[in-house]
Amino acid sequence: MEYGRYGREVFGPHQQGEWARLQALAAAYDPSSFRRLTALGVRPGWRCLDAGAGCGTVSRWLADQVGAQGEVVACDLHTRFLREGDCTRLTVVECDLAAPPSLGMFDLVHVRFTLSHMRNRDAVLSSLVSLVRPGGRLVISDGADVATPLSPNRAFSTAMLAQWNYLYQSIGSEKLYGLSCPDLMKQRGLEDVNLSLDVPPLAPGTVMTSFWKRTFQQTVPAMVAEGYLREETAVVAQEYLDSPDLCDLSVGMATTCGRVPPDGL
């Protein structure tokens, strides 16, 4: 199967509203990410890599934690959004994670909602593991859509399943990839592997609801045109997101943390 690329064929930085969409995603999941990273003991002097850094909210938070004695490298296929605002404390690298430049070794490698959208995710994961110095940590946060089948709104559930099918067929996205990461880390020799799951609510006026409304605005035209979703179903699903009666759950974020043994791999 031939796939396109996230950030090119879908969800590109050139698309109207993409900055706001990514900001909504970050606002929904950042508190959980910051809490997990704090629990790991991120501290001054660490060297950190934020791979697939998106709009850079995690990168900037890490830069605050490691201080002037540390360093944060933020890399992405497109760095336009990383360069928005204050990025003086970051080393910004525009690169393809499938073929990254020499970046050195890190105390922490963090990657969020990136690997699940990459067709060569296994190779990229192995490459990221190789960047973690002995005793360092790898943190992967990625999708785990455990809620869609339980949605009380059939049109919304149908639209979400259609979107996952569309994304799988077009760029190779895996909707449950986050749940596979503990085993993938153990296969690569990491220790102290643990998994947590955050499933934010969908309710009127929340940032998570805004994220899905903006996501559907980008994906529904293609899904309808290519036969993944009927237009009338898409309309009802989008009306549900605008409804004052909206009460649902969003896609979960599964976060897996693992440690490279002190004597290396």
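To be clear, the structure that these remarks concern was listed above.
Each residue is numbered by its place in its chain's sequence as written, counting from 1. Given that this is a predicted model, residues contribute local features only at a pLDDT of at least 70 and side-chain atom pairs are listed and counted only at 80 or more, while totals for whole chains, interfaces and linings are drawn from all residues. The side-chain numbers reported here are obtained from all heavy atoms of the structure, hydrogens and water having been left aside.

A.B. asks: Got a sec to walk through the overall build of the protein chain? Specific residues and values, please.
C.D. replies: Runs of E in the DSSP output that reach at least two residues are strands. Runs of H or I that reach at least four are helices, and both are numbered from the N terminus. Scanning the protein chain from terminus to terminus reveals 7 helices and 9 strands. Against the 2.2 N^0.38 benchmark of 18 Å for 265 residues, the protein chain shows a C-alpha radius of gyration of 18 Å, consistent with a compact globule. Exposure classes here rest on a 1.4 Å probe applied to the protein chains alone. A residue is buried below 20% of its type maximum, exposed above 50%, and partly exposed in between. Buried residues in the protein chain amount to 56% of all 265 residues. In what follows, residue pairs with any heavy atoms lying within 4.5 Å of each other are defined as contacts. Taking the contacts inside the protein chain whose residues are at least 6 apart along the sequence as the reference set, 75% of them involve residues at least 24 apart. With the radius of gyration taken over C-alpha atoms, the globule rule is written as 2.2 Å times the number of residues to the power 0.38.

A.B. asks: Account for the pattern of salt bridges, naming residues and giving values.
C.D. replies: The salt bridge definition used is simple: a Lys or Arg side-chain nitrogen within 4 Å of an Asp or Glu carboxyl oxygen. Going through the model one piece at a time under the given rule, you end up with 10 salt bridges. In this structure, R21 engages E18 in a salt bridge whose closest nitrogen and oxygen atoms are separated by 2.9 Å. With a gap of 3 residues between them, R21 and E18 both fall in helix α1 (residues 18–40), about one helical turn apart. Like E18, R21 is buried.

A.B. asks: So, the environment of D248: which residues are in play, and what are the values?
C.D. replies: Counting through the fold element by element, D248 comes out in strand β8 (residues 248–249). Residue D248 is classed as buried on the basis of its relative accessible area, which comes to 10%. Separated by 146 residues in sequence, D248 and S102 have C-alpha atoms that sit 44 Å apart. With near-sequence residues (within four places) excluded, D248 lies in contact with S151, P152, F156, P201, L202 and Y240. The definition of a polar contact used here is a pair of N or O atoms within 3.5 Å, where within protein one atom must be able to donate a hydrogen and the other to accept one, and adjacent residues in sequence count solely through side-chain atom pairs. In this structure the side chain of D248 is engaged in a polar contact, spanning 2.7 Å, whose partner is the side chain of S151.

A.B. asks: Please set out the sheet that holds strand β5 (residues 132–144) residue by residue, giving values where relevant.
C.D. replies: Should DSSP find at least two bridges between two strands, the strands are regarded as paired. Strand order in the open sheet made by the 7 strands is β3-β2-β1-β4-β5-β9-β6, with mixed pairing throughout. Every other strand in the sheet has two partners, leaving β3 (91–94) and β6 (191–198) as the edge strands with one partner each. Direction aside, neighbouring strands of the sheet carry axes that sit 15° apart on average. Where strand β2 (residues 71–76) and β3 come together, 4 bridges link them in parallel fashion. Each residue of the ladder has a partner; that of V73, found in β3, is T91. Contacts from helix α3 (residues 121–129) reach β1 (47–51), β4 (106–112) and β5, with the element oriented near 145° to β5. Here the axes come from fitting lines to C-alpha atoms, over the contacting stretch only for helices, and the angles between their N-to-C directions go from 0 to 180 degrees.

A.B. asks: Requested: an account of the nonpolar core, with residues and values cited.
C.D. replies: Put simply, a nonpolar core is a bunch of buried Ala, Val, Leu, Ile, Met, Phe, Trp, Tyr and Cys residues held in one set by side-chain atoms that sit within 4.5 Å of each other. Core analysis: the largest hydrophobic core is formed by 32 residues, its most contacted members being Y29, F156, M160, L167, M208, W212 and F216. Elements with a contribution of two residues or more to this core: α1, α4 (154–171), α6 (207–225) and α7 (231–242). Of the residues forming this core, the biggest block, 9 residues, is contributed by α4. Ranked by size, the runner-up nonpolar core spans 28 residues in total, among them L49, C75, I140 and V193.

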